[in-house]
Amino acid sequence: MESTLGSKTVGPRQGRISATVSVPGDKSSSHRALIFSAFARGSSTVRGLGTGADVQSTRGVLAQLGVEFDGETVMSRGVADWLAPAQTLDCGNSGTTMRLMAGALSAAPFESTLVGDESLSGRPMERLVGPLEALGGRVTTTDGTAPLTVGGSAVERHPADVILPIASAQLRTAFCLAAIQGSASSSIASPAGFRDHTERWLAAMGRGERVGESVFRIAPGEISPTTYDVPGDPSSAAFLWAVAAVRPGSSVTTPDISLNPGRIGFLQVLEMMGARIDADVTGAIHGDPIGTVTVTGQPLRGVDLSGPVIAGALDELPLVAVVASFAEGITRVTDAAELRTKESDRVAATVAMIQDLGGGAQELADGFEIVGLGTLEGGEVKTHHDHRIAMAGAVAGVGSLSGAVIHDADVANVSWPAFYEVLESLWS
Ligand code: S3P
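Residues numbered from 1 in each chain as written. Predicted model: local features only at pLDDT ≥ 70, side-chain atom pairs only at ≥ 80, totals over all residues. Heavy atoms only, no water.

Colleague: I'm lost on the sheet that holds strand β5 (residues 68-70) in this one. Help?
Modeller: Paired through their backbone hydrogen bonds, the strands of a sheet run either parallel or antiparallel. The mixed open sheet is built from 4 strands, whose spatial order is β5-β6-β4-β15. Each edge of the sheet is formed by a strand with only one pairing partner; in this case those strands are β5 and β15 (227-229). The average angle at which neighbouring strand axes cross in this sheet is 20°, direction not considered. As judged from the 5 bridges shared by strand β4 (residues 41-47) and strand β6 (residues 73-77), these two strands associate in the antiparallel manner. In the strand pairing of β6, Ser 43 is matched with Met 75. (Pairing = 2+ DSSP bridges. Helix = DSSP H or I, 4+ residues; strand = E, 2+ residues; numbered from the N terminus. Axes fitted to C-alpha atoms, helices over the stretch in contact; angles between N-to-C directions.)

Next comes the structure, spelled out in structure tokens:
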């Protein structure tokens, strides 16, 4: 792989692979482990934290609230005694940092202002206001987006039962982090398919219970200091699984991966397309399953994707488009309008990527359609400053006939700084 002025040339790469790779800590679990540790009064341990810039954004915000970090140790005076921040809280590119911390701070007696980079400043934040204000919290957006002003002297915490219109784990978690600071129990409901790390961890800690498939009742009170062993990130492993999936006879094994039911949508999609998936649950961390996954490539066919599998594969849909290009037949993704609200408009960015690589793709209002030709020519990938587009483009590059040039390739640092080296290592 060559790098010039922010661009990276990737592939093409021939030959079968057979590799076992440990991927860095799960981004969603890492944010939660840091925030849960910061809620607790005392010293918690977080092992295997994700290595990307987004996780550092959460750490930086918590440090401004008086939380101290020393290696794997997180020391906090507890959420009730967090310090009022002296400056605005910079969430960088991380929507999870902004939404989760908005929830946590919406119930604080002091005011905080959350800001983000250009991409995050364009993402929808109005959706936080109703649920958090129902709990008596305070959230003010800037025309529906960041900067957000949260918490303050007008906060009057009270319980609420809220139903969300979308299956958003970020919104559900924001609500839980506010509701746990209340004095009586509250509940959150939404469509199914979301990653439920927060709910599982809270339930394991005696701070809530699931009522039916997607309703969670929060039991307010303190979180005790504990140890978090962050599992590998399935959304990172997905890029390596995809490399194997499009090469019949190749395989990639990833141990200690989060197998939360809201994170396995991409594996379900690969299986529907014809890949072989072996997933063994080997344990659980705070009630959240982990295990070993092996993906083995076999001839793939196009599929129709809609409904709950979409929420469980949302972050991986740009990669689904790449895999679908190497399959035979048409793949249609619908019910995925949320994809337009991510780090970029991922419907538009994904379709442009596939077209620029010589594939067949068209936008739908709530998804896209890919014409699988069994191969991609290769070409240039514009990332729109979106880490998952850059990494999906690189996977396309290694499988393509002439390779891909990824513009702005370093944006992968947001979730996985070592990604390109690990991708390359599959052939060593
Ligand atoms: C996340 C939830 C998902 C996902 C995002 C991380 C989380 O977003 O796309 O990358 O850690 O809670 P939504 O819950 O908004 O769909």
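Colleague: Honestly, the site of the ligand in this entry has me stumped. Any pointers?
Modeller: Taken together, the neighbourhood of the ligand is formed by Ser 28, Arg 32, Thr 96, Ser 168, Ala 169, Gln 170, Arg 195, Asp 315 and Lys 342. A distance of 2.6 Å separates an oxygen atom of the ligand from a polar side-chain atom of Asp 315. For the ligand, the protein covers 94% of the area, taking 380 Å² as the surface of the free molecule. Going through the elements one at a time, α1 (27-39) and α6 (169-179) are the ones with two or more residues in the shell around the ligand. Residues belonging to the shell around the ligand are distributed by class as follows: 1 nonpolar, 4 polar and 4 charged. (Near = heavy atom within 4 Å. Polar contact = N/O pair within 3.5 Å; in protein donor to acceptor, adjacent residues only side chain to side chain. Areas by Shrake-Rupley, 256 points an atom, 1.4 Å probe, with all protein chains shown as cover. Nonpolar A, V, L, I, M, F, W, Y, C, P; charged D, E, K, R; others polar.)

Colleague: Got a minute to help me understand the environment of Leu 171 in this structure?
Modeller: Within the secondary structure, Leu 171 is located in helix α6. Among the residues examined, Leu 171 registers a relative accessible area of 4% and is labelled buried. Spatially, the C-alpha atoms of Leu 171 and Ala 102 are 9.8 Å apart, while their sequence positions differ by 69 residues. Residue contacts for Leu 171: discarding those within four places in its chain leaves Arg 127, Leu 128, Leu 164 and Ile 166. (Buried < 20%, exposed > 50% of the residue type's maximum accessible area, 1.4 Å probe, protein only. Contact = heavy atoms within 4.5 Å.)

Colleague: When you look at the domain arrangement of the protein chain in this model, what are you seeing that I'm missing?
Modeller: One frequent convention defines the size of an interface as the accessible area lost when the parts assemble. As far as domains go, the protein chain holds domain 1 (2-25 + 231-425) and domain 2 (27-229). Distance from the C-alpha centre of domain 1 to the C-alpha centre of domain 2: 28 Å. Counting from both sides, the interface comprises 29 residues of domain 1 and, opposite them, 32 residues of domain 2. Summing both sides of the interface, domain 1 and domain 2 together bury roughly 2400 Å²; the carbon and sulfur share of this comes to 47%. On the domain 1 side of the contact with domain 2, His 286, Glu 343 and Val 414 bury the most area, a combined 26% of that side's loss. (Domains from an automatic or database assignment. Buried area = accessible area lost by both parts, 1.4 Å probe.)

Colleague: Looking at this structure, I do not really get a nonpolar patch on the surface. What am I missing?
Modeller: Residues Ile 330, Val 371 and Leu 373 make up a contiguous nonpolar surface patch of roughly 260 Å² in combined accessible area. Of note, Val 371 is situated in strand β22 (residues 367-373). (Patch = residues over 30% accessible without salt bridge, like charges linked within 9 Å, V, L, I, M, F, W, Y side chains within 5 Å. Salt bridge = Lys/Arg side-chain N within 4 Å of Asp/Glu carboxyl O.)

Colleague: Would you mind going over helix α9 (residues 265-273) with me for this structure?
Modeller: Taken together, the buried positions of α9 are Gly 265, Phe 266, Leu 267, Val 269, Leu 270 and Met 273. Gly 274 lies just past α9 and shows a positive phi near 120°.

Colleague: Can you walk me through the nonpolar core in this structure?
Modeller: Generally speaking, nonpolar side chains in soluble globular proteins are found buried as a group. Of all hydrophobic cores here, the largest spans 78 residues; its most connected members are Trp 241, Phe 266, Leu 270, Leu 317, Ile 406, Phe 419 and Leu 426. Examining the composition of this core, we find that 9 residues originate from one element, helix α8 (residues 234-245), more than from any other. Not counting chain neighbours up to four residues away, the residues in contact with Leu 317 comprise Ile 310, Val 333, Ala 336, Leu 339 and Phe 368. Of all hydrophobic cores here, the second largest spans 57 residues; its members include Phe 36, Val 129, Val 150 and Val 230. (Core = buried A, V, L, I, M, F, W, Y, C linked by side-chain atoms within 4.5 Å.)

Colleague: Looking at this structure, I do not really get the packing of α8 against helix α13 (residues 387-399). What am I missing?
Modeller: Helix packing for two helices is described by the angle between their axes and how far apart those axes are. The N-to-C vectors of α8 and α13 enclose an angle of 15°; their axes lie 9 Å apart at closest approach. Classed by the angle they form, the pair α8 and α13 counts as roughly parallel. The two elements α8 and α13 cross, and the hand of that crossing is right-handed. Counting all contacts with α8, which are made through Ser 235, Phe 239, Ala 242 and Val 243, the residues of α13 involved are Arg 388, Met 391, Ala 392, Val 395 and Val 398. Class assignment of the residues belonging to the contact of α8 with α13 gives a composition of 7 nonpolar, 1 polar and 1 charged. (Parallel < 35°, antiparallel > 145°, perpendicular 65-115°, else oblique. Left-handed = near helix turned anticlockwise from the far one by under 90°.)

Colleague: In this structure, what is going on with the pattern of salt bridges? I would like to understand it.
Modeller: Opposite charge on two side chains permits them to pair, given that their charged atoms come into close proximity. Scanning the entire structure with this criterion turns up 23 salt bridges. Here Asp 161 and Arg 217 are joined by a salt bridge, their closest N and O atoms 3.0 Å apart. Of this pair, Asp 161 sits in strand β11 (residues 161-163) while Arg 217 sits in strand β14 (residues 215-218), and the two are 56 residues apart along the sequence. Given the relative accessible area of 56%, Asp 161 is considered exposed. With its nearest N and O atoms 3.0 Å apart, the salt bridge here joins Asp 315 to Arg 195. Here the residue Asp 315 occupies a position in the loop between α10 (308-313) and α11 (317-326), and Arg 195 occupies one in the loop between β12 (186-189) and α7 (197-204), the gap between them amounting to 120 residues. Taking the relative accessible area as the measure of exposure, Asp 315 reaches 12% and is therefore buried. Three or more residues are tied together by salt bridges with common partners; here these are Arg 123, Arg 195, Asp 315, Glu 343, Arg 346, Asp 386 and Arg 388.

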